[in-house]
Each structure stands twice: as structure tokens, then as C-alpha cells.
Amino acid sequence: MVAVIGPYGTVMGHAFSSLASELQVPVLSYTSLDVLSPLQYPYHIQTAPNDLYQMTAIAEMISYFSYREVTAIYTDDEQYRNGIYKLGELLSQKRRKLSYKATLPPVSRVTWQDIYNVLVKVRSMESRVVVVHTCLKTGPLVFEIAKRLGMTKKGYVWIATTWLSTFLESDGISSENASVLQGILALQPHIPESNKKREFERRWKNLSNGSVGLNLDGLYAYDTVQMVAHALDKFFNEGGKVSFTNESHISGLKIIKGWTLGAFRIFDGGKQLLTNLLQTNMSGLTGPVGFNPDRSVIHPSYDIVNVVGNQISLLGYWSNHSGLSVQSPETLYAKPSNRSSSNQHLTSVVWPGNTTDRPR
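The notes below deal with the structure included here. (Residues numbered from 1 in each chain as written. Predicted model: local features only at pLDDT ≥ 70, side-chain atom pairs only at ≥ 80, totals over all residues. Heavy atoms only, no water.)

**Observations regarding the pairing of strand E8 (residues 185-189)**
Working step 1: When you tally the buried positions in E8, you get five out of five residues, the bulk of the element.
Working step 2: Of the two faces of E8, the one carrying Leu185, Leu187 and Pro189 and the one carrying Ala186 and Gln188 are both buried.
Working step 3: As paired strands, strand E7 (residues 157-160) and E8 are joined by two bridges and run parallel to one another. Bridge pairing in E8 places Ala160 opposite Ala186.
Working step 4: Inspection of the sheet shows E8 paired to strand E13 (residues 301-308) by five bridges, in the antiparallel sense. From the neighbouring strand, Gln188 faces E13, where its bridge partner is Asp303. (Buried < 20%, exposed > 50% of the residue type's maximum accessible area, 1.4 Å probe, protein only. Helix = DSSP H or I, 4+ residues; strand = E, 2+ residues; numbered from the N terminus. Pairing = 2+ DSSP bridges.)

**Some details on the packing of aromatic side chains**
The geometry of an aromatic ring pair is captured by two quantities: the separation of the ring centres and the angle between the planes.
Working step 1: Counted under the stated rule, the structure contains 13 aromatic pairs.
Working step 2: Ring plane angle 75° and centroid distance 5.0 Å describe the contact between Tyr64 and Phe65, whose orientation is recorded as edge-to-face.
Working step 3: Joined through ring pairs, the aromatic side chains of Phe143, Tyr156, Trp158 and Trp163 make up one cluster.
Working step 4: Taking NZ or CZ as reference, Arg358 lies 5.2 Å from the ring centre of Tyr67, over its face. (Phe/Tyr/Trp six-rings, centres within 6.5 Å; stacked < 30°, edge-to-face > 60°. Lys NZ or Arg CZ within 6 Å of the ring centre and 35° of its normal.)

**Quick word on the environment of Thr166**
Working step 1: Residue position: Thr166 is located in helix H6 (residues 163-171).
Working step 2: When near neighbours in sequence (up to four residues on either side) are disregarded, Thr166 contacts Leu136 and Asn215. (Contact = heavy atoms within 4.5 Å.)

**Examining the environment of Tyr333**
Working step 1: Here Tyr333 lies in the segment after strand E15 (323-325).
Working step 2: Residues Tyr333 and Leu39 lie 294 residues apart in sequence; the distance between their C-alpha atoms is 29 Å.
Working step 3: With residues near it in sequence (within four places) discarded, Tyr333 still touches His299, Ser301, Ser319 and His321.

**Brief notes about the nonpolar core**
Working step 1: Grouped together as the largest cluster of nonpolar side chains are 33 residues, with contacts concentrated most on Ile58, Ile62, Leu87, Ile159 and Leu185.
Working step 2: When residues of this core are traced back to their parent elements, those giving at least two are helix H2 (51-64), strand E4 (69-75), helix H3 (78-93), strand E6 (129-133), E7, E8, E13 and strand E14 (311-319).
Working step 3: Tallying contributions element by element places H2 first for this core, with seven residues.
Working step 4: Setting aside chain neighbours within four positions, we find Leu87 in contact with Met55, Ile58, Ala59 and Val131.
Working step 5: Of all hydrophobic cores here, the second largest spans 31 residues; its members include Trp158, Trp163, Ile184 and Val307. (Core = buried A, V, L, I, M, F, W, Y, C linked by side-chain atoms within 4.5 Å.)

**A closer look at helix H4 (residues 112-123)**
Working step 1: The terminal C-alpha atoms of H4 lie 16 Å apart, and with 12 residues this matches the ideal 16 Å at 1.5 Å per residue to within 8%.
Working step 2: Listing the buried residues of H4 in full gives Ile115, Val118, Leu119 and Val122. Relative to the axis of H4, the buried residues are bounded by an arc of 100° and lie together on one face.
Working step 3: Elements that come into contact with the buried residues of H4 comprise E4, strand E5 (97-104), E6, helix H5 (139-148) and E7. (Expected span 1.5 Å × (residues − 1). Arc of directions from axis to C-beta.)

**Let's talk about unusual backbone geometry**
Working step 1: Despite not being glycine, Arg295 shows a phi value in the positive range, around 80°.
Working step 2: Among the structural elements, Arg295 can be located in the loop between strand E12 (287-290) and E13.
Working step 3: Notably, His299 is not glycine yet its phi reads approximately 55°, a positive angle.
Working step 4: Along the polypeptide, His299 turns up in the loop between E12 and E13.

Set out below in C-alpha cells:
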């Protein structure tokens, strides 16, 4: 084992990254996780924007719309909890307030009644601005129950994290979904259009006969595989050899339940392969692929979308370079960064209740 691609979720990410640190094997995750410190997890690489950027985008949206207080509904596990903690910090820096945090049980045991009870409590709060940070299994049910409780009508503001765009990619906007999700704002990772992406999607459709869809995770996964292939190619071209060493100090140490590290060996070329990966500079399906000195991905950005009827309306973009803009991020990177409030723009929103009047 010289590299690991995955896993999906922060809890397993921490476990695998701890294992990787001992074995000096790079672990690459192509899903949006909370920030894992390079000091604590030196062999972990995240190839998609981490949750810090997503929460920064949401905090700037809330500030842009001039809301003072926000309620958060989130799954009570490490990944989602850390994301909401970051959102609270970011809002505080903008003199906004995360006034109520409503936790849902972990996805393995959350029930309809759990979600109902949480939403009844949220309905009693003064704030009508609600951020939903959860997963594909739980998120749609949150909005279904919210509609039953009269919480998707005029006066509410709902912002969903990237789980919603993934849900809509797989399920589309049926008439049932449209009635539940009407007026909701959501984020999805920004993927610039390119000939390479269009050609890959055409080939994928032909290979699968159109039976298997290709979502954003699939594009990030493909780029991650290509990244490992390029890094290994460089490793071998520079004379690297795949060899392993047994180390007595890790024998018997358990990081993942049922896994004893004595069954594994240290990859001797791990440091060099890690260096090669962090020096990645390529054009992928998701756009330019590479890393900043702090190991964050270059050019993190999101589309900001609005569910209107059975369509997804693009309101604009968020990038770490220029904040909120109606211009695509790739057109702005060559210009000086301008994060001033007067330079922040989105197009008109259709809010819950099918109104363009901003809820107060």
C-alpha cells in the first residue's frame, strides 16, 4: 500500500490519517471535510475545498443579505459539528450571531420524530434564517418536515450546504421536491466548463449507456486518481522504488478497531511521494489542480444557487479570491483581489413563498 484514496467522512478520515502518519502513506480525500491539521495528520491531503471555505461563503452570504442572527441545524458528529463551530466564529467576526444550534442525532440513528422535535424548537426561535448542514439521508427529510410545519413559507430563509446540490444532482427536481425546496439557497463546488470535462462526460455516458450518472464527487475522484498517477510516475522516474520497513514501535498499536498496525509496514518512499503530490500542478476535470503552502486546494470556489420552481437558478459565485460575484471566479483570478463590501454582488433571489422581497 503506497497511497489511499478516500475515505468519505471526517471520523474515518481522522482514523485513516492517523494510520497513514504511522505508515508514511499519503491519504487523499476528495470530499468536503473539516480542516485536518498538517501537523497532526502530515500524510493527509484533501483534494476538494474543505468546510472552512464553505462556511466562509455562508457567513459572507449572511452578511451580504444583512441578517444579524442565524439558526443552525446540523448532524451531531465531528464533521458537521466542526463546520458549524467555524461558522459561529466567522459570523462573530462579522458582528453576526449564531443564536441557536439545533443538533440532530448521527445519521445511523436519526428518526422522523427526532427531526420533527428539533424543527418545532427552531420554529419557536426568533431567527428565521436557518443553515442546514447535514447529509443526503437526513437533509431532504428536514425540509419535508419543515414544510409540514409551515416553515418553508414567506418570511423564512434557508441555506443548505453542499449536500443539497449532490441530492439534486442524483434525484433532480421533481414536482414533489420543487414544492418542498422552493426558495432555498444552496452551495455547490464550482467546476468551470472545459473541453476536457465535456469530452469526459461524453465518454462516460457512452461507456455507461447513460445508466450511471456522474456527479461532482466523481469528477473530484477522477482528478485525485490522476494526481496519484502523476506523482507515482514522477517518483519512479526519479529512481524511487517501492519498499517497506518493519518497525517494532508500531507493532500491536491499534488505531482502527480490529486493525493492528503490526499487520502493516512503513512505506520507505512515503515522504517523497507526499512531496510529489503536494507539488501537483495540472489541469483536471475540476479545473486547475494544485495546493497552496498550507495544503489547501488552489482557487476554492462555489456556485450559489436558488431553487426556483423545478429549476436551479445560478445567483453568482463565491471564491476565496474575490468573495461574492456574478462573474465566474476564473475570470477574476488575473485581477487584484477585491473583498470590499461594495464589490460583493449576487443576482436577485426568489425566496420561500415565491417572493423577491427579502425576508426581514
